Amino acid sequence: MIHDFKSLLVTQEGPVLTVQLNSAETGNALCGEMLDELLTVLGALDDDSGIRVLVFSGAGEDFCLGGDRAEFPALLAEDPSGVGLRALGNKARRVCDALASTDAVTIARLHGGVVGAGVGLAVFCDLRVGADTCRFRLPELGLGVPPAWGGIMPRLLHEVGAARIRELILTADNFDATTAQELSILHKVVPEEQLDRAVTQWIKPLVRRSPSALRTAKLMLNAYANVNRLADATLFDAELLSSALTVAASTRR
């Protein structure tokens, strides 16, 4: 289960797997390489892996400052039609789908900045705890792109509610950990030095649960969460993101 990754630090202790985004110099920006490595980790979580809990954290000062914006112009330079951007968007979607569907209970351990795609990665986790100093933002409109990363929109609408998400997306305002908890983006807020303790308090009972009962409970929660979705418009997210960035680049030229 343990691999020698370039942008992740993966450790295992019994049935608990910890995945740390390990690119502190970029603010743990979610680049294509990191998404590939996340897909490798998530793809290995089958019934034979023995993993019951998966914990996500970030190295350095921030959990994740969003997608790697330096990668967008490079992909457009390689192919101005946006094929590379669509591939990147589809990777993000596959990561989030895998997070939502894995049998393991997923925990996001958040600190520092949690921005854009970082919010997306966090909200696709089952449980989320953040330091009281966390700062959140959904900045996509301010950057000239739609909020179309990984199928984040329906997840946010379900977890938070349409009225508040509309405000956060349209204003691109920063919000703190207390507000994130009020919005149900966070389940718990603790001082940063107590983050590991809070995660452990969740892990201890989870590893004692029946694997089949946990698996069934997650299937039920996901099924009921999606019961009112007549069609999955997030299938177009990669196309929307690619088109917006391609048009923006063409306009600048």
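To keep things clear, this report deals only with the structure shown in the data block.

The rules we used
- Residues numbered from 1 in each chain as written.
- Predicted model: local features only at pLDDT ≥ 70, side-chain atom pairs only at ≥ 80, totals over all residues.
- Heavy atoms only, no water.
- Helix = DSSP H or I, 4+ residues; strand = E, 2+ residues; numbered from the N terminus.
- Buried < 20%, exposed > 50% of the residue type's maximum accessible area, 1.4 Å probe, protein only.
- Contact = heavy atoms within 4.5 Å.
- Areas by Shrake-Rupley, 256 points an atom, 1.4 Å probe, with all protein chains shown as cover.
- Pairing = 2+ DSSP bridges.
- Axes fitted to C-alpha atoms, helices over the stretch in contact; angles between N-to-C directions.

1. Observations concerning the overall build of the protein chain
Right, on to step 1. Counting its secondary structure elements, the protein chain contains ten helices and nine strands.
Right, on to step 2. Expressed as a percentage of the 253 residues in the protein chain, the buried residues total 49%.
Right, on to step 3. At a minimum sequence separation of 6, the contacts of the protein chain that also span at least 24 residues come to 72%.
Right, on to step 4. As displayed, the protein chain has an accessible area near 12200 Å², and 53% of this comes from carbon and sulfur atoms.

2. Topic: the sheet that holds strand 6 (residues 127-131)
Right, on to step 1. The six strands lie next to each other as 1-2-3-4-6-9, forming an open sheet whose pairing is mixed. In this open sheet, the two edge strands, each paired with only one partner strand, are strand 1 (8-13) and strand 9 (188-190). Looking at each pair of strands side by side, their axes are set apart by 20° on average, direction ignored.
Right, on to step 2. Here strand 3 (residues 53-58) runs beside strand 4 (residues 105-110); their pairing, made up of four bridges, is parallel. Paired with L54 across the two strands is T106, which belongs to strand 4.

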